[in-house]
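Fold and contact review
In case you want the letters, here they are:
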Amino acid sequence: MQEGDVSEKIDEEEKNHKLFKRYFSFFFTLFLLIGSFWIGYTSGIQKQIPTDQIFPLGKITIENKDPADRAEIDFSLFWKVWDLLEEKHVDKNSLDAQKLVYGAIKGILEATGDPYTSFFNPKETKSFAQDIEGSFEGIGAELGIKDDILTVIAPLDGSPAQKAGLLAGDKILKIDERITSDLTIDQAVELIRGKRGTEVTLIILRKGEEETKEIRITRATIEIKSVEVEFKENNITHLKIIQFGEKTTREFDAAMKEIITRNSPAIILDLRNNPGGFLDKSIDIASRFIPRGKVVVIEEDSTGKKESLYSTGGDRLGGIKTVILINEGSASASEILAGALRDNLGTKLIGKKSYGKGSVQELISLPGESSVKITVAKWLTPNGDYIMDKGITPDIEVELTTDDYKNDKDPQFDKAMEVIREMLK
């Protein structure tokens, strides 16, 4: 064997040895990563992140940074910007890495173009939970995005927003000095909310008017009752559902018991300015009117697969003559209930066309007491009608003007009473 052959053989062996070490090192590292992930996962990797702790940008370790995990998307761009912030930002020593992460997640969700898919940091998660439970500090108005403009879905009954004159359909152009055109719903809510006794100024544009209005509202503690019941002439029931929250089914059942005990001959079910809430609560209420096994709502997922959700029975109010009041502030779960009673029982709808929120969101808890709300489905009425953005058109359309509101007149309710009287003849 020539000296050169020996040398080449040695070089080849060294090369193979190095190659072996490299692949061994890679697979060993991969094994450790997978093992560490599994151990962490099974032992509860979702550890609590202190919500009041500051994480200086230059003093943290980044996990899961390798862009090779998503070869199709150059996620290294994200980390390039992150590194540039750490290297060049004039206030880099005071930047909070955790807030940057939260901001990045919000940006991802905003990029979906869906105003109802959003991220809640720990503080926002707590506020959202308080909303559903029925108590928070603010002005008491549900907001949405309509035609790309921040819009009042509904001021809550008795709230500072309602007392100050804010109406369903008002478009909010400014919150104090902040223009709203580039705000998400959650950002707008955060600006409007605040300690009771403090003031917020809204610049609004009302439908049919050319001039903007300035409305100053003093914040208060908002206590939301889900259901209110009142008995009118001849024991006719005015049954108002304000929202579909944690307590709605319980409060509704208490009202139902009173209606049955008083032998009320008819119900005006008032869903005006009801911004919605929990889907299951709307199914509960529908089941008080509709026999068991009837379709209340149809969900359609991202693949186009449709699933019907059915009434659960206990239709103790089904034999009582009923009409429903809706308006521009009737949204989401209230539209589901109105559509279910209309399609199953032929219940007449009176008022104005509803808001048109035909999607379903799921709230998912995340590590560190944060959460994400994701639109997981569209919904259709039992007859298969999509209502997203177009709303539900009432059988009898009745306007309620600003002058009516100012003079404590309610032609929509008056029309409902007229229809009920005819039904009882």
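My aim in this report is to walk through the structure given alongside it, one point at a time.

This brings us to a nonpolar patch on the surface. A surface patch of nonpolar side chains, amounting to about 180 Å² of accessible area, comprises Ile 364, Ile 374 and Val 376. Relative to the helices and strands, Val 376 is located in strand S18 (residues 371–380).

What follows deals with the pattern of salt bridges. Inspection of the entire model under this criterion finds 19 salt bridges. Between Arg 216 and Glu 214 there is a salt bridge whose closest N-O contact spans 3.2 Å. Put simply, Glu 399 and Lys 352 hold a salt bridge, and the shortest N to O gap is 3.0 Å. Taken together, the residues span a long stretch of sequence, with Glu 399 in the loop between strand S19 (396–397) and helix H10 (402–406) and Lys 352 in the loop between strand S16 (348–351) and strand S17 (359–365) at a distance of 47 residues. Residue classification places Glu 399 among the partly exposed residues on the basis of a relative accessible area of 43%.

A few words on the environment of Lys 257. Position of Lys 257 relative to the elements: it lies in helix H7 (residues 248–261). Judged by relative accessible area, Lys 257 falls into the exposed class, the value being 58%. As a C-alpha pair, Lys 257 and Arg 316 span 59 residues in sequence and 9.4 Å in three-dimensional space.

Attention shifts here to the side chain of Lys 106. Topologically, Lys 106 is positioned in helix H3 (residues 97–110). A distance of 2.9 Å separates polar atoms of two side chains, one belonging to Lys 106 and the other to Glu 124. Not counting chain neighbours up to four residues away, the residues in contact with Lys 106 comprise Phe 119 and Glu 124.

This brings us to the sheet that holds S16. With mixed pairing, 6 strands are arranged side by side in an open sheet as S10-S11-S12-S15-S16-S19. Edge strands, defined here as strands with exactly one partner in the open sheet, are strand S10 (227–231) and S19. Here strand S12 (residues 266–270) runs beside strand S15 (residues 321–326); their pairing, made up of 5 bridges, is parallel. When the sheet's bridge partners are listed, Ala 266 is paired in S15 with Lys 321. Sitting on the sheet, H7 is in contact with S10, strand S11 (237–241) and S12, with an inclination near 15° to S10. Helix-sheet contacts for helix H9 (residues 333–345) involve S11, S12, S15 and S16, and the interaxial angle to S15 is about 140°.

Cut-offs and rules
Throughout, a residue's number is its position along its own chain's written sequence, starting from 1. Per-residue local features of the predicted model are confined to residues with pLDDT of at least 70, and side-chain atom pairs are confined, for both listing and counting, to 80 or more; whole-chain, interface and lining totals are unaffected and use all residues. Just so you know, side-chain values use all the structure's heavy atoms and leave hydrogens and water out. A patch is a set of surface residues, each over 30% in relative accessible area and not in a salt bridge, joined within 9 Å for like charges and within 5 Å for the nonpolar side chains Val, Leu, Ile, Met, Phe, Trp and Tyr. All accessible-area figures derive from a Shrake-Rupley calculation using a 1.4 Å probe, and residue coverage is judged against the displayed protein chains alone. By convention in these notes, a salt bridge is any Lys or Arg side-chain nitrogen within 4 Å of a carboxyl oxygen on Asp or Glu. In DSSP terms, a helix is any run of H or I states spanning at least four residues, a strand is any run of E spanning at least two, and both are numbered starting from the N terminus. Residue burial is assigned from relative accessible area. The probe radius is 1.4 Å, only protein chains are included, and a residue is buried under 20% of its type maximum, exposed over 50%, and partly exposed in between. Each polar contact in these results corresponds to two N or O atoms within 3.5 Å; when the atoms are within protein, one needs to be able to donate a hydrogen and the other to accept it, and residues that are neighboring in sequence are counted only if both atoms are side-chain atoms. Should any heavy atoms of two residues lie within 4.5 Å, those residues are considered in contact. Should DSSP find at least two bridges between two strands, the strands are regarded as paired. To obtain each axis, a line is fitted to C-alpha atoms, and for helices this fit is confined to the stretch in contact; angles are then taken between N-to-C directions over 0 to 180 degrees.

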